[in-house]
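This is what each chain is made of:
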Amino acid sequence: MKHSLLIVAMLAGSLFVSSCGKNDAEEAPAPTLYDRLGKTEGIAKIVDGLIANVGTETQMTNSVMLRSHKPMLDAVNSGADPTRLQRLRNNFIDQVGEATGGPLKYKGLSMLTAHKGMAVTHTEFTVWRAQLEKSLNTNKVSETDKAALYAIIDKMHDDVVGH
Ligand code: HEM
């Protein structure tokens, strides 16, 4: 009897040591920005919100974004290239998913090539960024995570604007 009590005590002790020996907080990798944005699903919602906001902006009187987006919108609406917007959406999700530390891989054009010939102005960039901001707010992204995403986006400014 004494012997089996000793075995139980030893087993309990070893379980205690093994569970206390690990510090979960130290060992779990910190969530990446990709994780914090809600992984692919969360990023897709943000991108869909951005696209919807840009679409609304292009329908406004004195729209700033219509000029740059008209060729793509015409190609989609005329049926000449119906999946062009869908391709942009999927590429943008991959781009954000990769740049924020997720497992996605961007296979689209470089930012310089994608926007070449569009002559995007700084004002157009600012308005595009405001459409993204609206979507980030709708999707309840924190100020910290918004700042982390803008650090990534704003680095691309010079490749997007003025070419
Ligand atoms: C840092 C900011 C931006 C990022 C990260 C970005 C990202 C992208 C990506 C990933 C594509 C698709 C490339 C491909 O399919 O291979 C694209 C295309 C496009 N971008 Fe941007 N973009 C930015 C800013 C802007 C701005 C400011 C405008 C205009 C105001 C704009 C207008 C367009 C248009 C119209 C296309 C579609 C081109 C086409 O299919 O004909 N983008 N962008």
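Within an unreviewed UniProt entry, the label attached to the protein chain reads Group 1 truncated hemoglobin, and the organism entered is Hymenobacter aquaticus.

1. Regarding the nonpolar core
I43, L132, L136 and I153 are the most contacted members of the largest nonpolar core, which has 27 residues in total. Of all the elements in the fold, those that place two or more residues in this core are α3 (33-36), α4 (39-58), α6 (84-99), α8 (122-138) and α9 (143-154). In terms of residue count, α4 provides more of this core than any other element does, 6 residues in total. With residues up to four places along the chain from it excluded, the contact list for L132 reads I46, L50, Y150 and I153.

2. Focus on the site of the ligand
Among the 23 residues in the neighbourhood of the ligand, the closest are listed as R84, L88, N91, L109 and H115. L109 places a main-chain nitrogen or oxygen 2.8 Å from an oxygen atom of the ligand. Residue H115 places a side-chain N or O atom 2.9 Å away from a nitrogen atom belonging to the ligand. A molecule is said to occupy a pocket when more than half its atoms come within 2 Å of that pocket's grid points, and by this definition the ligand occupies the largest pocket. For the shell around the ligand, the secondary-structure elements that each account for two or more residues are α5 (66-77), α6, α7 (111-114) and α8. Residue contributions to the shell around the ligand peak at 5 residues, all from α6.

3. Topic: the coordination of the iron atom of the ligand
A lone protein donor contacts the iron atom of the ligand, and this donor is H115 (NE2), found at 2.1 Å. Relative to the helices and strands, H115 is located in the loop between α7 and α8.

4. Re the packing of aromatic side chains
Taken as a whole, this structure holds 2 aromatic pairs when the rule is applied. Ring centres of F92 and W128 lie 6.0 Å apart, and the angle between their planes is 70°; this geometry places the pair in the edge-to-face category. Here W128 lies in helix α8 and F92 lies in helix α6, a separation of 36 residues in the sequence. Note that R129 overlies the ring of Y150, its terminal NZ or CZ placed 3.9 Å from the centroid.

5. Things to note about the pattern of salt bridges
A complete count under the given rule lists 9 salt bridges for this structure. For E133, the salt bridge goes to K146, with nearest N and O atoms at 3.1 Å. Placement of E133 in helix α8 and of K146 in helix α9 is noted, with a sequence separation of 13 residues between them. Classification of E133 as partly exposed rests on a relative accessible area of 26%. The closest approach of N and O atoms between K146 and E143, which form a salt bridge, is 3.0 Å.

6. Topic: the layout of surface pockets
If you add up the space inside the largest pocket, you get close to 960 Å³. Surrounding the largest pocket, 34 residues form its lining, H69, M72, L88, H115 and M118 being those nearest its centre. Among the secondary structure elements, those contributing two or more residues to the lining of the largest pocket are α4, α5, α6, α7 and α8. Ranked by the residues each element gives to the lining of the largest pocket, the list is headed by α6, at 8 residues. Across the lining of the largest pocket, the residue classes tally to 22 nonpolar, 8 polar and 4 charged.

7. Concerning the packing of α4 against α5
At a closest axis distance of 10 Å, the pairing of α4 and α5 adopts a crossing angle of 105°. Our classification of the angle between α4 and α5 gives roughly perpendicular. Mapping the contact onto sequence places V54, E57 and T58 in α4 and L66, H69 and L73 in α5.

8. A look at the environment of A114
Tracing the backbone through its elements, the reader meets A114 in helix α7. Taking relative accessible area as the criterion, A114 reaches 27% and is therefore assigned partly exposed. Each C-alpha atom of the pair A114 and V160 lies 8.0 Å from the other, and the pair is 46 residues apart in sequence.

About the thresholds
Residues numbered from 1 in each chain as written. Predicted model: local features only at pLDDT ≥ 70, side-chain atom pairs only at ≥ 80, totals over all residues. Heavy atoms only, no water. Core = buried A, V, L, I, M, F, W, Y, C linked by side-chain atoms within 4.5 Å. Buried < 20%, exposed > 50% of the residue type's maximum accessible area, 1.4 Å probe, protein only. Helix = DSSP H or I, 4+ residues; strand = E, 2+ residues; numbered from the N terminus. Contact = heavy atoms within 4.5 Å. Near = heavy atom within 4 Å. Polar contact = N/O pair within 3.5 Å; in protein donor to acceptor, adjacent residues only side chain to side chain. 1 Å grid on protein atoms, 1.4 Å probe; cavity = no way out; pocket = protein on both sides within 12 Å on 5 of 7 lines; lining within 4 Å. Sits in = over half its atoms within 2 Å of the grid points. Donors = N, O, S within 2.8 Å, 3.2 Å for Na, K, Ca; no water. Phe/Tyr/Trp six-rings, centres within 6.5 Å; stacked < 30°, edge-to-face > 60°. Lys NZ or Arg CZ within 6 Å of the ring centre and 35° of its normal. Salt bridge = Lys/Arg side-chain N within 4 Å of Asp/Glu carboxyl O. Points joined across faces, edges and corners; volume = space filled by probe spheres on them. Nonpolar A, V, L, I, M, F, W, Y, C, P; charged D, E, K, R; others polar. Axes fitted to C-alpha atoms, helices over the stretch in contact; angles between N-to-C directions. Parallel < 35°, antiparallel > 145°, perpendicular 65-115°, else oblique.

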